[in-house]
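Tertiary structure, described
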Amino acid sequence: MKYWISVAVILVLTLGVALSPVNEYFFFAAYFVLTAIALSTAWNILGGYAGYVNFGTPAFFGVGAYTAVVLFKWLGAPLPVQIVAGAVMGGLLGFGVGLLTLRLRGIFFAIGTIAVIFIMETLMINWRYVGGATGLQLVRPPVSVPFDTYARMLFMVIAVVAVVAVSIARYVQDSWIGRGLRAIRDSEEAAECSGVPTLRLKLIACVISGGLMGAVGAPMPMYLSFIEPASTFSLNYTIAALGGSIIGGMSHWGGPIIGALVLSTLQQIITVTISGEVNVLVVGVLLVLFVVLAPEGVLGLFKRWLRSSK
Amino acid sequence: MIFSLDLLTEAVIFGVLLGCFYAAVSIGLSVSFGLLDVPHVAHPAVMILGSYFTYLLANQGLDPILSGVILMPAFFVLGVLIYRFYYESFEKRGSEAGVRGLAFFFGLAFIIEIGLILTFGVDQRTVRAAYIGSSWELGDYRIPYRMLVAFGVALALTLALTIYLSKTFIGRAIKAVAQDQGALRLMGANPVRIKQWAFGIATAVSALAGAMVIVVGPVEPSMDRLYIGRTFCIVVLAGLGSMTGTLASGLILGISESIVLMFFGASWAPAVAFGLLLVVLGIRPQGLFGR
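Residues numbered from 1 in each chain as written. Chains lettered and ligands numbered in written order. Predicted model: local features only at pLDDT ≥ 70, side-chain atom pairs only at ≥ 80, totals over all residues. Heavy atoms only, no water.

Further remarks concern the pattern of salt bridges. Note that side chains of opposite charge can pair when their charged atoms are close. All names here are of chain A. Under the criterion given, the structure shown has 8 salt bridges over all chains. A salt bridge links Arg185 to Asp186; the nearest nitrogen and oxygen atoms lie 3.9 Å apart. According to the relative accessible area criterion, Asp186 is exposed, its value standing at 60%. (Salt bridge = Lys/Arg side-chain N within 4 Å of Asp/Glu carboxyl O. Buried < 20%, exposed > 50% of the residue type's maximum accessible area, 1.4 Å probe, protein only.)

As structure tokens, this is what we get:
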């Protein structure tokens, strides 16, 4: 109950900010931060709970984005339809990849997901309808009331997507799915022997995770009013999703939120003050530092601090 | 699509050369991932690092392949350090090394790549040598000398590593560590030191592989991403840790990529390695020449 009240409060506040006369740049930066939060949360459902590393975040994200573009160009579909369709396609991709590689050890799944990024990118580069390698300029429909600009409207949209992602991650964690996934993470053999349907659980997690990433990708073309394969399938999304979860802490749905919030805010500051390359470098360095020195992430550090101050 | 026997022959000839080159760039991974079971996704990044060091040495007037050989001892030390760090931080602790070990190597690859971008910029770099830019006319076919040089070095490297692993004492110890680490410990040997040595060898080989990469074509920092697909495809297809299998799988990938390149165009070629990898993982994860 407390959770749903805070969700309602957050959404009302978001709407308030979107309608207030805040500087446009704020929405630009906030969109980036909320995307990172939603992607990390989605990644954590399979990576954090079950311990299967998915390097393919851009593949799922990109499938969502390109689904949205196709629907928009072909039927002029409205944004909510694009997002739902992006989620469905992301989920289907998750099911396919999972079926091929989730039977194997985690490392093979991880490499398989890298393969999916490049296969999707190659397909899109060779598909003329969506602009091929050079990309496609999109003419955005007029912005819906009550929002003044696209940045404000999409800020609200991505906030809703992020809230849905977090709520699903929270539900999965506390349900039988989450318990099964944790059993898989601790010892897959032991889980299998005690009757946990490991493959089915991993597939469910992969579909949910992929679907959410697809939903996050869907509003991106509208946001940029442009789509192009190289930046859509950029490995920067992989490191953002992975980094957010690992730095925040993978055992709880709150971890990716904290990690992604810290990481992407830092990235925005560095991009503005230093450069775009350095911001990715910082994420890489932080990722390695946390993985080695604080494997439980910020949440783990916080718990340790609580225990020692008692 | 124009199909003719002539073009097919040309594609196959080029594919064989390319395949040997691919086998050579994968053989380090075949040791580190195939034999030692280290999830070394930073292998291609380390190799591209080798290409850039080759570029620096070659600019001083050295032959690029010779530069690669000169770099090998330094890369051996680098490999030992990387493994030592990985062992102390992840392998020793045991639990959950899967996610964190992978994240570590992925982060390492990113750091190397961005480091290269910050130092050298995103422009393509090339080296100069007598055999780069000219080609050998063989009847109707033209075979670039740079591919022949890479082919020769690749064969020599694969052969040397195969002999090293099967005939020398330490080579056999490396194979033993891959088979049963516990048994090795009972025999009074230290598996960690053997693995450290093997990882050093694998990294040293990557330096020479990196030199070949820059001989074969221009190099840019983000190139390691494509080689993740090629190298892992070959190592998995070979069956983990098989050296002759690595050569055979390299040829399979090289010929298929060359045929796709010839008949479908360059924009489809990168997908071949990744597609083949997914198919192998789905159908025959133990590889063609698996133990």
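A separate point is the pairing of strand β1 (residues 135-138) of chain B. Residues and elements named next belong to chain B. Across 4 bridges, β1 lies against strand β2 (residues 141-144) in antiparallel orientation. Paired with Trp136 across the strands is Ile143, a residue of β2. Hairpin remark: β1 followed by β2, antiparallel, with 2 residues in the connecting loop; positive phi at Gly139, about 60 degrees. (Pairing = 2+ DSSP bridges. Helix = DSSP H or I, 4+ residues; strand = E, 2+ residues; numbered from the N terminus.)

The partner chain B presents 40 residues to the 43 residues of chain A that form the contact. Surface buried jointly by chain A and chain B totals about 3700 Å² across both partners, of which 83% is contributed by carbon and sulfur atoms. For the chain A face of the interface with chain B, the top three residues by lost area are Ile111(A), Phe118(A) and Val292(A), together amounting to 14%. With a closest N to O distance of 3.4 Å, Arg105(A) and Asp37(B) form a salt bridge. Counting every contact that joins chain A to chain B gives 4 residue pairs in polar contact (both at pLDDT 80 or more). For the side of chain A that touches chain B, the element with the most residues is helix α5 (residues 106-125) of chain A, which contributes 13 residues. For the side of chain A that touches chain B, the per-class residue count stands at 30 nonpolar, 9 polar and 4 charged. (Contact = heavy atoms within 4.5 Å. Buried area = accessible area lost by both parts, 1.4 Å probe. Polar contact = N/O pair within 3.5 Å; in protein donor to acceptor, adjacent residues only side chain to side chain. Nonpolar A, V, L, I, M, F, W, Y, C, P; charged D, E, K, R; others polar.)

The end-to-end C-alpha separation of helix α11 (residues 269-283) of chain B is 22 Å, in line with the 21 Å expected for 15 residues at 1.5 Å each. Elements that come into contact with the buried residues of α11(B) comprise α4 (79-101) and α5 of chain A together with α9 (224-238) and α10 (243-264) of chain B. (Expected span 1.5 Å × (residues − 1).)

All names here are of chain A. End to end, helix α13 (residues 254-273) covers 29 Å across 20 residues, agreeing with the expected 28 Å (1.5 Å per residue, within 8%). Those residues of α13 lying buried are Gly254, Gly255, Pro256, Gly259, Ala260, Leu263, Ser264, Gln267, Gln268 and Ile270. In this structure, the buried residues of α13 make contact with α2 (24-50), α12 (236-248), α14 (276-293) and α15 (297-309).

Let's shift gears to a nonpolar patch on the surface. A cluster of nonpolar side chains, namely Met1(A), Ile5(A), Val9(A) and Leu13(A), defines an oily patch on the protein surface of about 450 Å² accessible area. Take Leu13(A): it is sitting in helix α1 (residues 2-19). (Patch = residues over 30% accessible without salt bridge, like charges linked within 9 Å, V, L, I, M, F, W, Y side chains within 5 Å. Areas by Shrake-Rupley, 256 points an atom, 1.4 Å probe, with all protein chains shown as cover.)

From the geometry alone we can't say anything about function, so treat these as descriptive.
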